[in-house]
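Per-entry structural report
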Amino acid sequence: MSAGDRMRERLRLEPADKALLMLEWRAYRTMLPRDAASFAYWGLALVALLVASLICFGDGFSAQSIFALGALLVFLIAMYTGGGMAMTVWENGFREWWLGLPVPRSSLVKAKLIAACGIQYVAAAGIWLVCIGHGVVLLAVQDGTGKMPGGGELAVLALAHAPLYAALVPLGTFAGYSLLGMYYGWRRWLLVPWIVVTILPFGLFGLLSSLEKAAAPYLGAGRIVQYAIGGALLAAAAYRFCLWLAVRYGIPDLARHRPGSFGFGSGRRARKTAAFESGRIGTGFAALYALERSRYAYWSSLKPVRLVYAGFLLLAGVGGYLGAREPLVTLSALRAMLVIPCIVPSLAIAIQTSHDANKRRLEWWLGLPYPRHRLLLARFLAVWAFVLRASGGLLAILAAGFALGGSAGLDYFSHGGRIGSIFYVLAAYFLCGLFVSAIAFLQTCTLRSSLLGWLYFPVGFAAYFLPGTAMRWAVPETLLGGQIGTAYWIALAAGAALVIAVVPLSIRMSAKWVHLYVFNTTEDRLRRRGEQAFKFRS
Amino acid sequence: MADMRNPDFNIPNVAAAKAPAIRCVDVTLRVKKKIVLDGVSFEIPVGSLAGLLGPNGAGKSSLMRILTGMFPPDGGRAELFCAPAGPERLGVLSFLPDRGQLPPHLGAGEWLRLAAGLYPDWSEARMEELIVKLDVDRGQRIGSMSRGQEARLQLLTCLSRQAPIIILDEPFAGVDMVSRESIAQAVVGELADGERTFLIATHDIREMENLFDRIVLIGEGRMLGCHDVETLRANGRSVESCYRDVFA
């Protein structure tokens, strides 16, 4: 048998595999442009993304930065979509039918992975086109001082990034889908690196958005192709790992899983948290807050989470100790790390309510005899209290390490009002985080109409990158370690005033439409999408 | 009992209320262009145990969600003690959602302690009584409970409140026979004071037929009948035969 025959044999699909692939693909097919309306939506979304990209990255960003940011976006979308799909399998009503299909377990998982990659390639192509569009628009309007290269160079850059994007799609999808095998047993430890991989890329936005052509010898077209090859190899490894984990552990765990009980099946007895033991629950809003806080108290009490947090504390202490010799570098690193606590609350806000609706917990929550804005406020305060406590602990250990690291660091910040720069950085990121959380609340309004949904999507998605990109202007490198001018403090006060106005407003708006989640569970959406697909076919 | 912390959620004096506990007038609801409820009208007097009956997809859960203020109707009026249903009226009713779930990370005891703080009309004495009656283990984590155990805990939460209206959406769905019996007995026990009003959506007509004093029949979002059970019996019919006549 020749090599070609062997390859054809390997790629040949059994009829059952084909049917399985069609089954999985059907779940995505309705998202593709298929009629005039959906073509219009797709066109509108791409134009909105291009406009958002031109507004956010139009001034002073190199072409390399734009394509690199696009690559990061492709990876993040693939990873989050893969992870999201893996999560829905556990609670999907079709789960037991799916498990009962008479095909090898690996075929079940392979079909899901291939179909997920298919739709991600469409999204990646859209992002790639937006990056090219961005370059072309800037090339057309820039004067001699612009950062865009000539048309030929832009074309080479675009062509070089195409295989990179193509490699990042399966890499992100398989990495995200590996969640399928991490629900029970020792595999739950893998959630720790998985969560780190899902959140860390947000921290890279600051770095990638400031790439200069001259200062970036690693971003030539040849290098990008090498990265693409590296990405493809990593994707192959991620595929094998994901398949092994899902087939060996995920599928047997799925068969044992009871919907709605994720992660709670192993310990039958309730673990009491400090607040419950001491009886400090309170009544009214205090009880509402205690209910929301209990979620974080539970997760924080899990051994893997505590160990990981202890690891981060150790890293912060050592980092602070070593950083005392390079105070400015420490401050820069702190700035990059602050992106993460800015994003976590908004992710929690964006996910929690729809997750509760999927788990049929939302009706109990909405049925509590409190105005809805108070329900949301309790949720908002609980997530921020958790994030501030966790990051406050890390900052305290970092500061302690810094103080122990030698007098050079302390001396540096004791001169010329430099200590003020630390407070400025912390306050600016805190306000940014609050603003991003407020935007996340507005997601509820998208349930009102699909047009609002399409309009919100680029805005909501762009908001996650505010801490990594827009904060470059609010907290420029030149400001670190210097004296903060009055103009900056005034701008900070204006930002605080904006946040004080926007947060209650967005909570009120969200409260108006939050009940619509009841009609928009994943199951409801799939059913509606199925109805649409059927109408389209017939 | 009035809640001083939430003046918007005051509970009316039920004894003084002569108006029906629940009134729907021409209630209409559309979800994404689909008509889910189409001009539904009925009344439930104070102290009744009413059954809301109809096949799957009839609109029972949607109607209950309107009554519990989850969302407003697109047309018509839904009233509780003559005031429009809405989130600000959640203090007058206790709602058990269909296949709803409680936070799985909490133990049953933790949840009940939180509920005592969350619901201004919570009765500790009733809760203690129901814990025994419904055989709820306070130390068990909710996420590890069987469906029947969690259904009993949810019913306990509903009935430990002193709200004058109790709305139960499919309380027997997916529940074993022993749990069904204890749930039905708990509901019977709650009827003793004659002041609370129950509206129960269920498919298990046989389980509840002897308890209902009124039935509301809806199908495909439309009102198909509202009958006094005594009158039905006086005419030689049962709830089950009436249901079959309408839907078979």
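Report follows, based on the coordinates. Everything quoted here is computed from the prediction, not taken from an experiment.

1. Section: the interface of chain A and chain B
Facing the 44 residues of chain A at the interface are 49 residues of chain B. The contact between chain A and chain B buries some 4,300 Å² in all, and 57% of this surface belongs to carbon and sulfur atoms. Of all residues in chain A, the largest losses of buried area upon contact with chain B belong to R360(A), W364(A) and P369(A), amounting jointly to 19% of the total for that side. Inspection of the region where chain A meets chain B yields one salt bridge.

2. Brief notes about the sheet that holds strand β8 (residues 197–201) of chain B
All names here are of chain B. Sheet architecture is open: six strands sit in the order β6-β7-β8-β3-β9-β10, paired in mixed fashion. Where the open sheet ends on each side, the last strands, each with one partner, are β6 (93–96) and β10 (222–228). Each strand of the sheet is rotated relative to its neighbour by a mean of 15°, with strand direction disregarded. Looking at chain direction, strand β3 (residues 49–53) and β8 are connected through four bridges and run parallel. Residue G51 lies in a different strand from β8, and its bridge partner there is I200. Each of β6, β7 (165–169) and β8 is contacted by helix α4 (residues 147–159), which is oriented at about 175° to β6, the strand it contacts most.

3. Side note on the nonpolar core
Residues W111(B) and L118(B) are the most contacted members of the largest nonpolar core, which totals 219 residues. It is helix α4 (residues 63–91) of chain A that contributes the most residues to this core, 16 residues altogether. Among all residues touching W111(B), those that are not within four sequence positions of it are L291(A), W364(A), L102(B), P103(B), L106(B), L118(B), I142(B), L153(B) and T157(B).

4. Some details on the side chain of E150(B)
Residue and element names in this part refer to chain B. In this fold, E150 is placed in helix α4. Of the polar contacts made by the side chain of E150, one reaches the backbone nitrogen of L102; its length is 2.9 Å. Those residues in contact with E150, other than ones at most four positions away along the chain, are G100, Q101, L102, I142 and M145.

5. Some words on the pairing of strand β4 (residues 75–80) of chain B
All names here are of chain B. Pairing between strand β1 (residues 22–31) and β4: five bridges, direction antiparallel. Bridging from a neighbouring strand, I22 pairs with L80 of β4. Of the strand pairs in this sheet, β4 and strand β5 (residues 83–84) are connected by two bridges, and their pairing is antiparallel. The residue of β5 that forms the bridge with L80 is A83.

What counts, and at which threshold
Residues numbered from 1 in each chain as written. Chains lettered and ligands numbered in written order. Predicted model: local features only at pLDDT ≥ 70, side-chain atom pairs only at ≥ 80, totals over all residues. Heavy atoms only, no water. Contact = heavy atoms within 4.5 Å. Buried area = accessible area lost by both parts, 1.4 Å probe. Salt bridge = Lys/Arg side-chain N within 4 Å of Asp/Glu carboxyl O. Pairing = 2+ DSSP bridges. Helix = DSSP H or I, 4+ residues; strand = E, 2+ residues; numbered from the N terminus. Axes fitted to C-alpha atoms, helices over the stretch in contact; angles between N-to-C directions. Core = buried A, V, L, I, M, F, W, Y, C linked by side-chain atoms within 4.5 Å. Buried < 20%, exposed > 50% of the residue type's maximum accessible area, 1.4 Å probe, protein only. Polar contact = N/O pair within 3.5 Å; in protein donor to acceptor, adjacent residues only side chain to side chain.

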